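Residues per chain are reported as follows:
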Number of protein chains: 2
Amino acid sequence: MIKTPYLLFLGDAPDMLAAKVAIGIRDWRPENAVGQFRMEGCKADLGMTEMTLAEAKEAGAKTLVIGVANRGGVISDAWKSVLIEALNMGYDLASGLHNLLREEADLVAAAEANGCELHDVRVPSVQYPIATGKKRTGKRVLTVGTDCSVGKMYTAMAMDQEMRKRGMKSTFRATGQTGILVHGDGVPLDAVIADFMAGSVEYLTPDNDEDHWDHIEGQGSLFHASYSGVTMALVHGGQPDALILGHEPTREHMRGLPDYQQPALEDLRDVALRLAQVVNPNCKVVGISINTQHMGEDEAMAYLAEVEDRMGLPTTDPIRVGAGKLVDALANI
Amino acid sequence: MIKTPYLLFLGDAPDMLAAKVAIGIRDWRPENAVGQFRMEGCKADLGMTEMTLAEAKEAGAKTLVIGVANRGGVISDAWKSVLIEALNMGYDLASGLHNLLREEADLVAAAEANGCELHDVRVPSVQYPIATGKKRTGKRVLTVGTDCSVGKMYTAMAMDQEMRKRGMKSTFRATGQTGILVHGDGVPLDAVIADFMAGSVEYLTPDNDEDHWDHIEGQGSLFHASYSGVTMALVHGGQPDALILGHEPTREHMRGLPDYQQPALEDLRDVALRLAQVVNPNCKVVGISINTQHMGEDEAMAYLAEVEDRMGLPTTDPIRVGAGKLVDALANI
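As a starting point, this report considers the structure included with it. (Residues numbered from 1 in each chain as written. Chains lettered and ligands numbered in written order. Predicted model: local features only at pLDDT ≥ 70, side-chain atom pairs only at ≥ 80, totals over all residues. Heavy atoms only, no water.)

1. Section: the relation of the copies chain B and chain A
Now for step 1: For these two chains of identical sequence, chain B goes onto chain A by a turn of 175 degrees and a shift of 0.7 Å along the axis, with RMSD 1.5 Å. Read as a symmetry element, the transformation amounts to a two-fold axis.
Now for step 2: When the interface residues of chain B are mapped onto chain A, 97% of them again fall at the interface, so both copies present the same face. (Least-squares fit on C-alpha atoms with pLDDT ≥ 70 in both. Contact = heavy atoms within 4.5 Å.)

2. A word on the interface of chain B and chain A
Now for step 1: Facing the 37 residues of chain B at the interface are 37 residues of chain A.
Now for step 2: Between chain B and chain A lies a buried interface of about 2,900 Å² when both sides are counted; carbon and sulfur atoms form 59% of it.
Now for step 3: Where chain B touches chain A, the interface holds two salt bridges.
Now for step 4: Of the charged contacts in the structure, one is a salt bridge between Arg-274 of chain A and Asp-267 of chain B, with a shortest N-O distance of 3.4 Å.
Now for step 5: Counting the contacts that link chain B with chain A gives eleven residue pairs in polar contact (both at pLDDT 80 or more).
Now for step 6: Those elements that place two or more of their residues in the side of chain B that touches chain A are α7 (197-204), α8 (228-238) and α9 (265-279) of chain B.
Now for step 7: Tallied by class, residues from the side of chain B that touches chain A come to 22 nonpolar, nine polar and six charged. (Buried area = accessible area lost by both parts, 1.4 Å probe. Salt bridge = Lys/Arg side-chain N within 4 Å of Asp/Glu carboxyl O. Polar contact = N/O pair within 3.5 Å; in protein donor to acceptor, adjacent residues only side chain to side chain. Helix = DSSP H or I, 4+ residues; strand = E, 2+ residues; numbered from the N terminus. Nonpolar A, V, L, I, M, F, W, Y, C, P; charged D, E, K, R; others polar.)

3. What to know about the side chain of Thr-63 of chain A
Residues and elements named next belong to chain A.
Now for step 1: The residue Thr-63 is located in strand β3 (residues 63-66) in this model.
Now for step 2: Judged by relative accessible area, which is 0%, Thr-63 ranks as buried.
Now for step 3: One polar contact links the side chain of Thr-63 to the main-chain carbonyl oxygen of Lys-3, over a distance of 2.7 Å.
Now for step 4: Ignoring any residue separated from it by four or fewer positions in sequence, one finds Thr-63 in contact with Ile-2, Lys-3, Pro-5, Tyr-6, Leu-7, Tyr-91, Asp-92, Leu-93 and Ala-94. (Buried < 20%, exposed > 50% of the residue type's maximum accessible area, 1.4 Å probe, protein only.)

4. Focus on the side chain of Gln-177 of chain B
Residue and element names in this part refer to chain B.
Now for step 1: By the secondary structure assignment, Gln-177 is in helix α6 (residues 177-183).
Now for step 2: For Gln-177, a relative accessible area of 18% puts it in the buried group.
Now for step 3: Of the polar contacts made by the side chain of Gln-177, one reaches the side chain of Arg-122; its length is 3.3 Å.
Now for step 4: Setting aside residues no more than four positions away along its own chain, Gln-177 makes contact with Val-21, Gly-96, Val-121, Arg-122 and Asp-190.

5. Quick look at the environment of Val-68 of chain B
All names here are of chain B.
Now for step 1: Position of Val-68 relative to the elements: it lies in the loop between β3 (63-66) and α3 (77-88).
Now for step 2: Taking the relative accessible area as the measure of exposure, Val-68 reaches 4% and is therefore buried.
Now for step 3: Spatially, the C-alpha atom of Val-68 lies 12 Å from that of Leu-181, the residues being 113 residues apart in sequence.
Now for step 4: The contacts of Val-68, once residues within four sequence positions are left out, are Phe-9, Leu-10, Gly-11, Ala-13, Ala-18, Ala-19, Trp-79 and Leu-97.

6. Structural notes on the packing of helix α5 (residues 152-165) of chain B against helix α11 (residues 324-331) of chain B
Residue and element names in this part refer to chain B.
Now for step 1: Running from N to C, α5 and α11 cross one another at 70 degrees; their axes reach a closest spacing of 9 Å. Our classification of the angle between α5 and α11 gives roughly perpendicular. In this structure, α5 crosses over α11, and the sense of that crossing is right-handed. Within the contact between the two elements, α5 uses Thr-155, Met-159, Glu-162 and Met-163 and α11 uses Gly-324, Leu-326, Val-327 and Leu-330.
Now for step 2: Here the residues of the contact of α5 with α11 are counted per class, giving five nonpolar, two polar and one charged. (Axes fitted to C-alpha atoms, helices over the stretch in contact; angles between N-to-C directions. Parallel < 35°, antiparallel > 145°, perpendicular 65-115°, else oblique. Left-handed = near helix turned anticlockwise from the far one by under 90°.)

7. Some points on the sheet that holds strand β2 (residues 33-38) of chain B
To summarise the sheet geometry, strands pair through backbone hydrogen bonds and adopt either a parallel or an antiparallel arrangement.
Residues and elements named next belong to chain B.
Now for step 1: Taken in spatial order, the five strands line up as β2-β1-β3-β4-β5 in an open sheet, and their pairing is parallel. Sheet topology places β2 and β5 (118-120) at the edges, where each strand pairs with a single neighbour. With strand direction ignored, the average angle separating the axes of adjacent strands in the sheet is 20 degrees.
Now for step 2: Summarising the sheet, strand β1 (residues 6-11) and β3 pair through four bridges and their orientation is parallel. In the strand pairing of β3, Leu-8 is matched with Val-65.
Now for step 3: Here helix α1 (residues 20-28) sits on the sheet in contact with β1, β2 and β3, set at roughly 150 degrees to β1. (Pairing = 2+ DSSP bridges.)

8. Side note on helix α10 (residues 297-311) of chain B
Residues and elements named next belong to chain B.
Now for step 1: Along its 15 residues, α10 runs 21 Å from first to last C-alpha, staying within 8% of the 21 Å computed at 1.5 Å per residue.
Now for step 2: Buried residues along α10 sit in contact with β9 (242-247), α9, β10 (284-290) and β11 (315-316).
Now for step 3: Residue Gly-312 follows α10 closely and has a positive phi angle near 65 degrees. (Expected span 1.5 Å × (residues − 1).)

9. Let's talk about the pattern of salt bridges
Now for step 1: Enumeration according to the criterion identifies 46 salt bridges over all chains in this entry.
Now for step 2: The partner of Arg-310 of chain B in a salt bridge is Glu-266 of chain B, with the nearest N and O atoms 2.9 Å apart. Taken together, the positions of Arg-310 of chain B in helix α10 and Glu-266 of chain B in helix α9 put the pair 44 residues apart, joining distant regions of the chain.
Now for step 3: According to the relative accessible area criterion, Arg-310 of chain B is partly exposed, its value standing at 41%.
Now for step 4: Here Glu-306 of chain B ties to Arg-310 of chain B by a salt bridge, and the two come within 3.2 Å at their closest N and O atoms. Of this pair, Glu-306 of chain B and Arg-310 of chain B are both found in helix α10, four residues apart, which corresponds to roughly one turn of the helix.
Now for step 5: A relative accessible area of 36% places Glu-306 of chain B in the partly exposed class.
Now for step 6: Among the ionic contacts, a cluster of salt bridges with common partners joins Arg-29, Asp-160 and Arg-164 of chain A.

This is a description of form; function is not addressed.
In C-alpha cells, the structure reads:
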C-alpha cells in the first residue's frame, strides 16, 4: 500500500522518544528504509545512513515517511519546505500525525502537481463493515495488556518475526499508526467509528490458511477506563485462538490515570479469557510478555522466572530475551 | 432543540422492530406527537391517528420525525418525495439514520429554500474529551443486556419516570438516536470515534447532587460480538453505582448473529460487575429487567418469579408490571 523503500524523516525531533515511528521501522523492517533524514537541531538519531532527498532517491526510496511526532500538532514551515521539495522530486509522503497531510493545501497542491500520494495512516481509508462474529479460518493471537503502552505491538512483531524465521505462515496485523507505518497497512482502530470497531478488526484478519497466524496488534487495556472499549472490540473482532498477557512491572499507576492501578496478571487472565471465549470458546491464554526495559538484567530475569512460576505460563521479554517461548506455545495449539 | 409536536414518519417499514424510534416517542412522550404518517406497504402501525402532511400541519406539527430505520442505508426515492414535500410545507426534519439528511443535496436545497432545519441526531455535535476515570458525584445506574434490543432504553426511561413520580432527583441520559429523539438531547454513542467513547459518556453524566440518579441508556451487550466495545465504554465511562440486568427470554439467537446464543443471566451478572468494579469498586447488581412482550400474562409472571427466585434479585418487566421494584432497590443503595 505505502510504496517501499522509505526515507525516514526525523525533522527537528527534540529527543528519541519523539521518533517512535522511525525506531519501529528501523527495528522491525530495516529492509524497508534506505536511510534517515535529519534537519538542523534534530536530537534523534537512528544510527542509519544520513541521506539527502537526492541521495535517497538515487538509492531507490519511494516514500518519505514522517517518523517523528511534531510539536504542538502543527506542521512547521521548516518541515513544509522539506516535504514540498520531496513531493517535487516524486516522493510519496506517509504520516501518522494527528493533523493530516491532506488538510495542508500546499502539500495537496504539490502532490497533485507531481502525481504523488499523501498517506495519512491515522485516518481510516475504508468503510468498515459491522462485525458478524462468524468463525474464520486460520489462527489469530492477540496480546492484551494490564495497561496501555506495555509493549503489545513489539510483542506481536517479535512473535511474527520469530514465526517467519521458523518458516511458519505468519502476518503482523497493525491496529495503530506506528504499526501501520512499519508494516505498510492496517486499521487505525482508535479513529474508527464505534459501531464499526469490531468489524474493522474482522476486516483486518480475514479467512486464511488453517496453519497461518495473524498477530493482531493490541491497543489499550480492558482495565483502562479511557480505552477499554477499543480493547473489547479487538477481543471480539479479532476472535483470537490465543491470548498473550502483556505487562510492564515498573508503572506506578495506569498510564494517564493517576487514580488507577494496573490489575494483577491473574485478573487480566480471567477477565480477558472469559470475554474472548464469547466469540471463540476454544481460546486459551498461552503466555506472558513482560516489558523489562526499565529493569536491570538480574532483576528482569528474576522477575520473569517468578511470574512464570506463579502463573504457570511461558513468560518472556520478547525484546530482551526473545519471543521463542511464546511461539513454542502457539505452535502447540 | 427539536421543535415539537412531531408527525411520526413510518415510511414503508417492513415490521414493527424497524419503527423503534417512533414507538419510543409514542410510549414515552406521546404528548409530543400529533399522529403517524405511513406509506404504501408499511407494516408498522403505532395505533396513532393516521395523518397526511397537510392534516398534521393543521394539527400543529412542526417537525417530521423519521421514526423508522431505512433499508440498506439508502434514503429511497419514495421517501424523498415525501420528505421534500414536507420541507416545502415548512416542516423541519429530524432523523437518527446512519446516512444523513445533510448529505442529501436535494433535501439540503429544499430545507434552505424553505428556511427549515435538518436534525441528524446520529452525528455527534460535540468534540468529546478522552475519559479520565475520575470519581464523579451523584449516582448512576446502567442497564446491561444479554443482547441488543432487550429493552434497556425502556428500562431506563421507566425507572426515571418512576423516580420522578416519587419526587426523587432523576435524569434519563440518552446514548442512542431513539433516546435522543425521545428525550431531546444525548450522545449518539455508536457514532463517536473509538478513542472518545468513554469520554463522551463521562461528558453525558457529569457531577451531580449526591441524591441525583442518572439513568444511562444502555447499548449493545458485553456478549454481542458486533457492539461489545460500545457497551464497554458505557460501563467504564458511566462509572455506574448500580447495574440492572436486561433480558428478553424468547430470542432464539443473538440479534443479527445466528451463530450466537444469549448468555445466562448469571454470566452477564458476573462479567458486567467485574468490569464495572474497575471504575467503581462499590458497584452492585441490584435488579433484573425482563422484556416479556412476547409472552402471555401467566407465562410472563411465572418467568419473573422464577428468575427472581433463582437470581435472588428484584425482577420485573418495567412495561408490563412497572419499575417500582427496581427503584426500591436503587433507593436502598
